[in-house]
Amino acid sequence: MIQSPGALFRRVVQEESPLQVVGAINANHALLAKRAGFKAIYLSGGGVAAGSLGLPDLGISNLDDVLTDVRRITDVCDLPLLVDVDTGFGSSAFNVARTVKSMIKFGAAAMHIEDQVGAKRCGHRPGKEIVSKQEMVDRIKAAVDARTDENFVIMARTDALAVEGIDAAIDRAVACVEAGADMIFPEAMTDLAMYSRFAKAVGVPILANITEFGSTPLFTVDELKTADVGIVLYPLSAFRAMNKAAENVYTAIRRDGSQQAVVDTMQTRAELYERINYHDFEQKLDALFAAQKK
C-alpha cells in the first residue's frame, strides 16, 4: 500500500531516532541527499528567500515562492519533505488553512509554523517579536482543521525562548500540542538540558535545529539522543557550502582568466549525469527517435 508523504515522515521519525533531516535548496540537492542515505529532507524558508529570491529571511517571500520550490523537489524526489511555512503566509486562519491544503496538494509531508509576528526574523537573530500564546494556538488549530490528509504533520515552532524564557516557551509548546500539533520545534536552544525539558513536557517528538553560526551549539546525534530529541535538522549546511564554492569559482575565473585552478573542486559532467539519471532519459529519447524512423 502506498503511504502518503505525511505517513512516511511519521514512520521514519519512529524508525530512526533521532532522525537526521538535511536541507535541500533545490531538486538537485534533494536527489543528492537521497543518494547520501537520508530518509527525509527539508526546505528552509530562509533558503527560499536567499537562494531562490536573493532576499533576506524577513517575511518577504510568500506562499507561491515556497510552493514553486516544493513542487520542483517533490516532482523528482520521493523522500518526505518538511517545509518551513514561516507564520502561515497571512494574518488569518483562512491563510493558514490555504497554506496547509497547498502543502499537501504539492506533495509535502510536514510543515512547521512559528509564533513570530508577520514581520518575522531568522530564529537566530536578535529583535524577534512573538504573538500571544492564544494567537499561536489559533494558528495550530486552523492548521489541524485544514488537513485533507490526517497524516500530514503539523509541527509547532516556538521562538519564545529568546523573548520570554524557557518556562514560557515550554508552556506555549504544551498548549500547541493540546491544540493538535504533532511535533514541536523549540528554536535557538542553547544547551542539551533545554531539549530534555521540552521532550518531557510535550510528550511528542521534538526537533533540534543544528544550524551553523547560530545560537545552538553543533551537538552530535549521540548527544541529542541523550536529550530525547526526535529529529535533528541541518537546514542550510549544503547551501552554505554551495555558496562558498560558487564564490571561490567566480573569484578564480575572474582573477585568472580561466577555471583551470578550480576544476578539481567541481562535480564532473559524468557525476552530474549519474546523479540526475541523465542516461535513462537519453535512452528513452533514443528509443523514441528509433521508433519514429521505422
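To be clear, the structure that these remarks concern was listed above.
About the cut-offs
- Residues numbered from 1 in each chain as written.
- Predicted model: local features only at pLDDT ≥ 70, side-chain atom pairs only at ≥ 80, totals over all residues.
- Heavy atoms only, no water.
- Buried < 20%, exposed > 50% of the residue type's maximum accessible area, 1.4 Å probe, protein only.
- Helix = DSSP H or I, 4+ residues; strand = E, 2+ residues; numbered from the N terminus.
- Pairing = 2+ DSSP bridges.
- Contact = heavy atoms within 4.5 Å.
- Salt bridge = Lys/Arg side-chain N within 4 Å of Asp/Glu carboxyl O.

Caption draft 1: Fine view of the pairing of strand 6 (residues 183-186). Side chains Met183 and Phe185 project from strand 6 onto one buried face, and the interleaved Ile184 and Pro186 project onto a second face that is buried too. Inspection of the sheet shows strand 5 (residues 153-158) paired to strand 6 by four bridges, in the parallel sense. Bridge pairing in strand 6 places threonine 158 opposite proline 186.

Caption draft 2: Examining the side chain of arginine 157 more closely. Topologically, arginine 157 is positioned in strand 5. Residue classification places arginine 157 among the buried positions, given a relative accessible area of 5%. Those residues within four positions of arginine 157 in sequence are excluded, and the remaining contacts are His112, Ile113, Glu114, Asp115, Gln116, Lys120, Arg121, Gly123, Met136, Phe185 and Glu187.

Caption draft 3: Up close: the pattern of salt bridges. Evaluated as defined, the whole model comprises 21 salt bridges. The shortest N-O distance in the salt bridge between aspartate 115 and arginine 172 comes to 3.1 Å. You can see aspartate 115 sitting in the loop between strand 4 (110-114) and helix 6 (133-146) and its partner arginine 172 sitting in helix 8 (residues 166-178), a full 57 residues away along the chain. For the residue pair aspartate 115 and arginine 172, the accessibility class agrees, reading buried in each case. Among the salt bridges present, the one from arginine 139 reaches glutamate 135, with a minimum N-O distance of 3.7 Å.

Caption draft 4: A look at the pairing of strand 8 (residues 231-234). Because side chains alternate across strand 8, one face comprises the buried residues Ile231 and Leu233, and the other comprises Val232 and Tyr234, equally buried. Where strand 1 (residues 19-23) lies against strand 8, four bridges are found, and the strand directions are parallel. Each residue of the ladder has a partner; that of glutamine 20, found in strand 8, is valine 232.

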